[in-house]
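# Reading the structure
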Amino acid sequence: MKTRTLPFKKPTVNGSILFPPGNVTEYIEKTEKKNSAWVYSKSIEDPKHISLKQKYDLFINGKWIKTNKYFDTINPSNEKVIAQVGYASVKDVDLAVKAAQKAYDKVWNRISPKERGKYIYRIARIIQEKAREFAVIESMDGGKPVKESKGIDVPLALAHFFYYAGWADKLDYAFPGKNVSSIGVAGQIIPWNFPLLMAAWKIAPALACGNTVVIKSAETTPLTLFKLAEVMQEAELPDGVVNIISGDGQTGSFIVNHPLTKKIAFTGSTEVGKIIMRQTAGTDKKLTLELGGKAANIIFEDAPIDAAIEGIISGIYFNQGHVCCAGSRLLVQESIKNIVFKKLTHRLKSLRVGDPLDKNTDVGAINSKMQLEKIKLLVKSGISEGAVIHQSECELPDKGYWFRPTFFTEVAQSHRIANEEIFGPVLSILTFRTPAEAVEKANNTFYGLSAGVWTDKGSKIFKTLSKIRAGVVWSNTYNKFNPASPFGGYKESGFGREGGRQGLEAYVK
Ligand code: NAI
Ligand code: MG
C-alpha cells in the first residue's frame, strides 16, 4: 500500500497566513530583537463615521447654551485639537442647577417610577446604537485603546443604564420596609479615565431614584459627555432632568457649593475629595467619594501563573494604568519570584503601545501632559530611592504623550512608588514569604479600593479576602465589572458604593 503524506498547510486566520514564510524560530528571534513578538499590520478604526462638532456649548435645560469662555480638548496621541468646549462659569452652573431643580419639582419627581424607567431604557438603547461612535470618540479624546473603549467602557456604560432602568419602579423591593424618596438635584463630578462610564455610574442611579442631575466632565475628556447630551435629546428626556457642562476644578466647586445641590457624587483624586468633604461638612448635602487606590495583586506560589500574568497585564498596563483600581502593587511569593519576573518581562515585550485607534493597540497614550509629568516624577523617585527599573523597549510615536510599560523590582514598602498612586503603566513588585505577610503588606496603604488574589486553593482565597481591607477583591481574575455588583472603597479611597442595589442608597433619603 502506498503511504500518502498530507501536504503541509500553513495555519491561517481568516485566510491570511499566520506564520511568516521562512524559519519561524528565526523570525521570532528577529522580531524579539525588535522587542515585539509579532509584527501586526495596522488596523485603524476609521473615525469618518463619527460626528463631532467643532464647538460645544453647554447642555442646560435641554438646550445648547453659549457661554463666555471656551477651551480646547486635544487628542493626547497626536496633540491635535479635536474641538472647543464651553467653560462653565458660576452663572452657568447656577442656570444648570436651577433648571435641574425646576425639572425635579415640575416633572421628574412627579411622573411615575415606571415612566422614569422607560426613559432610562431608551437612553441605554440609543447608546447601544451609537456604541462604535462613542468608543472612537472616547479613544480620541482620552487616549485609551479603542479595544478598551469598545470592549469595556461603552458596553459597561449602557449596561448600567439598562440595570438601573430596571430598578426605577422597584425601589420598594430595594429598600424593604422603608419609605424612601428622592433627594433633589444631584451634582456630579467625574474624572478623565472613564468619562462615559463614570457618567453612567452617576446619572443612571440618580435618575432611577427620581433625582435630576448637573454633571461636569473632566478638563481633558468632555466629548463623550456632550455626545451623551445628544442621546438625552434623542430620548426626549424632559428638559433640565440631565444638564451636562464642562469646565475645571473651579466649575466643580461651584456645583459642590451651590445651595440647591443636595447630593454630591465625586470620582477623582483623594486631594480634591478631601476639599469637597470639607466644603460639604455641616451642610445637608449627601456625599459619596470614589477616590484613588494602590491595589495589591497577590500571587501565591500555587497560583496559575500564566493566568496571573494576564491578570497583572490587564490590571496595570491596559488602559495605561489610568484606573483607580489598577493592580499597581504586585505581591509575589518569594518561591515563584524568578518565574514571574521572567514571564512578565517576556509579556511586556509583546505589549503593543501606540495609536489608540489601532484595534491591535494594548497600551494607548497617557491622558495629558500633566499626567505624563506626574508618572515621570514618580518613576524618577523609584530609581533614586533604589528600586530597579525594567521597561519595555518598544518604539514610541514622536508626537503625543507616551510612557513605556514599566515595572520595578527591589521595591521597599517605604518607597514612594509603593505608596502613591502613579496612575500610569508602572508596576511596583514586592515579595512575601507567608500568607500573613502578604495580607499585612496588602493592607499597608492609605487606600482601600481593590485587591487581587491568585491561588489554586479556595480556602486560601476566602481566608485572604476576609482579611483584606478593600472594597473589591478579585480572585483569579482582575478588573472585572458588572453593574449589579457594588464598587467603592475604604480609608482614603472614599466612601459610599456605586453599582448594584447598594448604589441606589446614595440617591434616596
Ligand atoms: P482631580 O481630582 O483634580 O479631577 C477630577 C475631577 O474633579 C475633574 O472633573 C476636576 O475638574 C474636578 N475638580 C478638581 N478640583 C475640584 C474642586 N476643588 N471641586 C470640585 N471639583 C474639582 O484629578 P486630576 O488632577 O485629573 O488627577 C490627579 C490624580 O488624581 C491622578 O494622577 C490620579 O492619581 C488621581 N485620579 C484618580 C481617579 C480615580 O478614578 N479615582 C481619576 C482621576 C484621577
Ligand atoms: Mg482630550
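Residues numbered from 1 in each chain as written. Chains lettered and ligands numbered in written order. Predicted model: local features only at pLDDT ≥ 70, side-chain atom pairs only at ≥ 80, totals over all residues. Heavy atoms only, no water.

### A closer look at the packing of helix H5 (residues 146-167) against helix H7 (residues 195-208)
As a packed pair, H5 and H7 sit with axes 9 Å apart at the nearest point and diverge in direction by 5°. It follows that H5 is roughly parallel to H7 by the angle criterion. Side by side, H5 and H7 meet where Asp153, Val154, Leu156, Ala157, His160, Phe161 and Tyr164 of the first sit next to Leu196, Leu197, Ala200, Trp201, Ile203, Ala204, Pro205 and Ala208 of the second. Grouping the amino acids of the contact of H5 with H7 by side-chain chemistry returns 13 nonpolar, one polar and one charged. (Axes fitted to C-alpha atoms, helices over the stretch in contact; angles between N-to-C directions. Helix = DSSP H or I, 4+ residues; strand = E, 2+ residues; numbered from the N terminus. Parallel < 35°, antiparallel > 145°, perpendicular 65-115°, else oblique. Contact = heavy atoms within 4.5 Å. Nonpolar A, V, L, I, M, F, W, Y, C, P; charged D, E, K, R; others polar.)

### Notes on the coordination of the magnesium ion (ligand 2)
Distances from the magnesium ion (ligand 2) to its protein donors, Thr73 (OG1), Ile74 (O), Asp141 (O), Asp141 (OD) and Thr220 (O), fall within 2.2 to 2.6 Å. Taking the relative accessible area as the measure of exposure, Ile74 reaches 26% and is therefore partly exposed. (Donors = N, O, S within 2.8 Å, 3.2 Å for Na, K, Ca; no water. Buried < 20%, exposed > 50% of the residue type's maximum accessible area, 1.4 Å probe, protein only.)

### Quick notes on the domain arrangement of the protein chain
On domain assignment, one finds that the protein chain holds domain 1 (3-41 + 293-475) and domain 2 (56-291 + 493-507). Put simply, the middle of domain 1 and the middle of domain 2, counted by C-alpha atoms, are 32 Å apart. At the interface, 31 residues of domain 1 touch 26 residues of domain 2. Taken as a group, Asn319, Pro356 and Asn367 account for 27% of the area that domain 1 buries against domain 2, more than any other trio of residues on that side. (Domains from an automatic or database assignment. Buried area = accessible area lost by both parts, 1.4 Å probe.)

### Here we look at the site of ligand 1
By nearness alone, 27 residues border ligand 1, and Trp192, Lys216, Ser269, Gln371 and Lys374 come closest of all. At a separation of 2.6 Å, an oxygen atom of ligand 1 approaches a polar side-chain atom of Trp192. Within the side chain of Gln371, one N or O atom sits 2.8 Å away from an oxygen atom of ligand 1. Burial of ligand 1 by the surrounding chains reaches 88%, relative to a free accessible area of 810 Å². Partitioning the shell around ligand 1 into residue classes produces eleven nonpolar, ten polar and six charged. Lining the shell around ligand 1 are residues from two domains, each supplying at least three of them: domain 1 (3-41 + 293-475) and domain 2 (56-291 + 493-507). (Near = heavy atom within 4 Å. Polar contact = N/O pair within 3.5 Å; in protein donor to acceptor, adjacent residues only side chain to side chain. Areas by Shrake-Rupley, 256 points an atom, 1.4 Å probe, with all protein chains shown as cover.)

### What about unusual backbone geometry?
The phi dihedral of Glu236 falls on the positive side, at around 55°, and the residue is not glycine. Turning to its location among the elements, Glu236 is positioned in the loop between helix H8 (223-234) and strand S10 (242-245). By relative accessible area, which is 59% here, Glu236 ends up exposed.

### A word on helix H13 (residues 369-384)
Because each turn of an α-helix spans 3.6 residues, side chains separated by three or four positions end up pointing in the same direction. Taking 1.5 Å of rise per residue, 16 residues should cover 22 Å, and H13 covers 22 Å from first to last C-alpha, within 8% of that figure. The complete set of buried residues in H13 reads Gln371, Leu372, Ile375, Leu378, Val379, Ser381 and Gly382. In this fold, the buried residues of H13 make contact with strand S15 (388-391), strand S16 (406-409), helix H14 (416-419) and strand S17 (426-432). Backbone geometry just downstream of H13 places Gly386 in the positive-phi region, at approximately 110°. (Expected span 1.5 Å × (residues − 1).)

### Topic: the pairing of strand S7 (residues 80-86)
In terms of strand pairing, strand S3 (residues 55-56) meets S7 through two bridges, oriented parallel. Each residue of the ladder has a partner; that of Tyr56, found in S7, is Val85. As paired elements, strand S6 (residues 70-75) and S7 share six bridges and run antiparallel to each other. Within S7, the residue paired with Ile74 across the bridge is Val81. Linkage of S6 to S7, two consecutive antiparallel strands, is achieved through a turn of four residues, within which Glu79 is found at a positive phi near 65°. (Pairing = 2+ DSSP bridges.)

### Side note on the sheet that holds S15
On the basis of which strands lie adjacent, the open sheet formed by seven strands has the order S15-S16-S17-S14-S13-S18-S19 and mixed pairing. Each edge of the open sheet carries a strand with a single partner, namely S15 and strand S19 (472-475). On average, adjacent strands in this sheet sit at an angle of 20° to one another, irrespective of strand direction. Examined bridge by bridge, S16 and S17 share three bridges and lie parallel to one another. From the neighbouring strand, Phe407 faces S17, where its bridge partner is Leu427. The sheet contacts of H13 involve S15, S16 and S17, and relative to S16 the element is tilted by about 25°.

### Here's the deal with the sheet that holds S6
The strand order across the open sheet formed by three strands is S3-S7-S6, and the pairing between neighbours is mixed. Looking at the sheet topology across the chains shown, the edges are occupied by S3 and S6. In this fold helix H4 (residues 131-142) packs onto S6 and S7, with an angle of close to 100° to the strand it touches most, S6.

### Overview of the environment of Gly382
Following the sequence through the fold, Gly382 ends up in helix H13. Sequence separation of Gly382 and Thr409 is 27 residues, and the distance between their C-alpha atoms is 9.8 Å. Ignoring anything within four residues of it in the chain, the contact list for Gly382 reads Ala387, Phe408 and Ile417.

### Observations concerning the packing of aromatic side chains
Throughout the structure, instances matching the rule amount to 17 aromatic pairs. Measuring from ring centre to ring centre gives 5.4 Å for Tyr56 and Phe226, while their planes differ by 5°; the resulting arrangement is stacked. Of this pair, Tyr56 sits in strand S3 while Phe226 sits in helix H8, and the two are 170 residues apart along the sequence. Considered together, Tyr56 and Phe226 belong to a single accessibility category, that of buried residues. Connected via pairs of aromatic rings, a cluster forms that spans Trp201, Trp474, Tyr478, Phe481 and Phe487. Over the ring of Tyr490 we find Arg469, and its NZ or CZ is 3.9 Å from the ring centre. For Arg497, the ring lying beneath its charged end belongs to Tyr490, and the centroid distance is 5.4 Å. (Phe/Tyr/Trp six-rings, centres within 6.5 Å; stacked < 30°, edge-to-face > 60°. Lys NZ or Arg CZ within 6 Å of the ring centre and 35° of its normal.)

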